[in-house]
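In case you want the letters, here they are:
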Amino acid sequence: MTTLRAFTCDDLFRFNNINLDPLTETYGIPFYLQYLAHWPEYFIVAEAPGGELMGYSAAALMLYIFTVMGKAEGSVAREEWHGHVTALSVAPEFRRLGLAAKLMELLEEISEKKGGFFVDLFVRVSNQVAVNMYKQLGYSVYRTVLEYYSASSGEPDEDAY
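This one's a predicted model, so the numbers in the text were calculated from it and none came from an experiment. (Residues numbered from 1 in each chain as written. Predicted model: local features only at pLDDT ≥ 70, side-chain atom pairs only at ≥ 80, totals over all residues. Heavy atoms only, no water.)

It is worth spelling out the overall build of the protein chain at this point. Along the backbone of the protein chain there are four helices and seven strands. The linear arrangement of helices and strands in the protein chain, starting from the amino end, is β-α-α-β-β-β-α-β-α-β-β. Counting all 161 residues of the protein chain, 38% fall into the buried class. Of all intrachain contacts in the protein chain linking residues separated by at least 6 positions in sequence, the fraction that spans at least 24 positions is 60%. Looking at the protein chain as shown, the accessible area adds up to about 9700 Å², and 56% of this sits on carbon and sulfur atoms. (Helix = DSSP H or I, 4+ residues; strand = E, 2+ residues; numbered from the N terminus. Buried < 20%, exposed > 50% of the residue type's maximum accessible area, 1.4 Å probe, protein only. Contact = heavy atoms within 4.5 Å. Areas by Shrake-Rupley, 256 points an atom, 1.4 Å probe, with all protein chains shown as cover.)

What follows is the structure in structure tokens.
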């Protein structure tokens, strides 16, 4: 039986099977520790019965105040609390089991309990499996962010929805 539980510091040494996927954006250990310290309730891991990590999600509840800093977007007077999915990844051998949808459901529930109005995220334009999953979960494409994801090996940067 799959266990969904809080991510711990020890998991940083156990999640390479998930993070080494080319579609997964990886970060340095300090970044993960920052999320773990600030938003522990949003950092969830799925663990298989044998103890291997199957997937994880990291998100944050954010307060965005729209201001003018080189561009205008929204209104200075408007404040909107919302959950932002920073990372959602499932190990290749555990995909197509509904884990990503379950992790998203948990993040949405947590955001709602914390007073979030909505949940947003970015996804690679080329990751059509993920794009379709998010659409099935009720998400829509709000905009395309050009060159959001950095490329390696001299390839062009990738856009995000």
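Next comes the rest of the write-up.
Turning next to the packing of aromatic side chains. Applying the stated criterion across every chain, the model contains six aromatic pairs. Centroid distance tyrosine 148 to tyrosine 149: 4.9 Å. Interplanar angle 85°. Geometry classified as edge-to-face. Looking at tyrosine 148, the relative accessible area reads 37%, which means it is partly exposed. Residue classification places tyrosine 149 among the buried residues on the basis of a relative accessible area of 9%. (Phe/Tyr/Trp six-rings, centres within 6.5 Å; stacked < 30°, edge-to-face > 60°.)

What follows concerns a nonpolar patch on the surface. Together, Phe13, Ile29 and Leu33 make up an exposed nonpolar region whose accessible area comes to about 310 Å². Residue classification places leucine 33 among the partly exposed positions, given a relative accessible area of 35%. (Patch = residues over 30% accessible without salt bridge, like charges linked within 9 Å, V, L, I, M, F, W, Y side chains within 5 Å. Salt bridge = Lys/Arg side-chain N within 4 Å of Asp/Glu carboxyl O.)

Our next topic: unusual backbone geometry. In this structure, arginine 96 is a non-glycine residue whose phi angle is positive, near 70°. With respect to the helices, strands and loops of the structure, arginine 96 is situated in the loop between strand 4 (79-90) and helix 3 (99-113). For glutamate 147, which is not a glycine, the phi torsion comes out positive at approximately 55°. By relative accessible area, glutamate 147 is classed as exposed at 54%.

So, on to the nonpolar core. Phe7, Phe15, Phe43, Tyr56 and Tyr134 are the most contacted members of the largest nonpolar core, which totals 36 residues. When contributions to this core are tallied by element, the ones reaching two or more residues are helix 2 (29-38), strand 2 (43-47), strand 3 (53-65), strand 4, helix 3, strand 5 (118-121) and helix 4 (128-136). In terms of residue count, the dominant contributor to this core is helix 3 (six residues). Counting residues domain by domain, this core receives three or more from each of domain 1 (3-121) and domain 2 (123-160). (Core = buried A, V, L, I, M, F, W, Y, C linked by side-chain atoms within 4.5 Å. Domains from an automatic or database assignment.)

Turning to the pattern of salt bridges, a few remarks are in order. Going through the model one piece at a time under the given rule, you end up with six salt bridges. The salt bridge involving glutamate 47 is made with arginine 14; its shortest N-O contact spans 3.3 Å. A residue pair is termed long-range when its members are at least 10 positions apart, and glutamate 47 in strand 2 and arginine 14 in the loop between strand 1 (3-6) and helix 1 (16-19) qualify at 33 residues. For glutamate 47, a relative accessible area of 17% gives the class buried. Exposure remark for arginine 14: the relative accessible area of 34% places this residue in the partly exposed category.

The terminal C-alpha atoms of helix 3, which comprises 15 residues, lie 21 Å apart, in line with the 21 Å expected from a rise of 1.5 Å per residue. Of all the residues in helix 3, the buried ones are Leu99, Ala100, Leu103, Met104, Leu107, Ile110 and Ser111. End-on view of helix 3: buried residues confined to an arc of 135°, all on one side of the axis. For helix 3, the exposed residues lying more than 90 degrees away from the buried face are Glu112 and Lys113. Following helix 3 by one or two positions, glycine 115 adopts a phi angle in the positive range, close to 90°. (Expected span 1.5 Å × (residues − 1). Arc of directions from axis to C-beta.)

The values reported here are purely geometric and, on their own, carry no functional implication.
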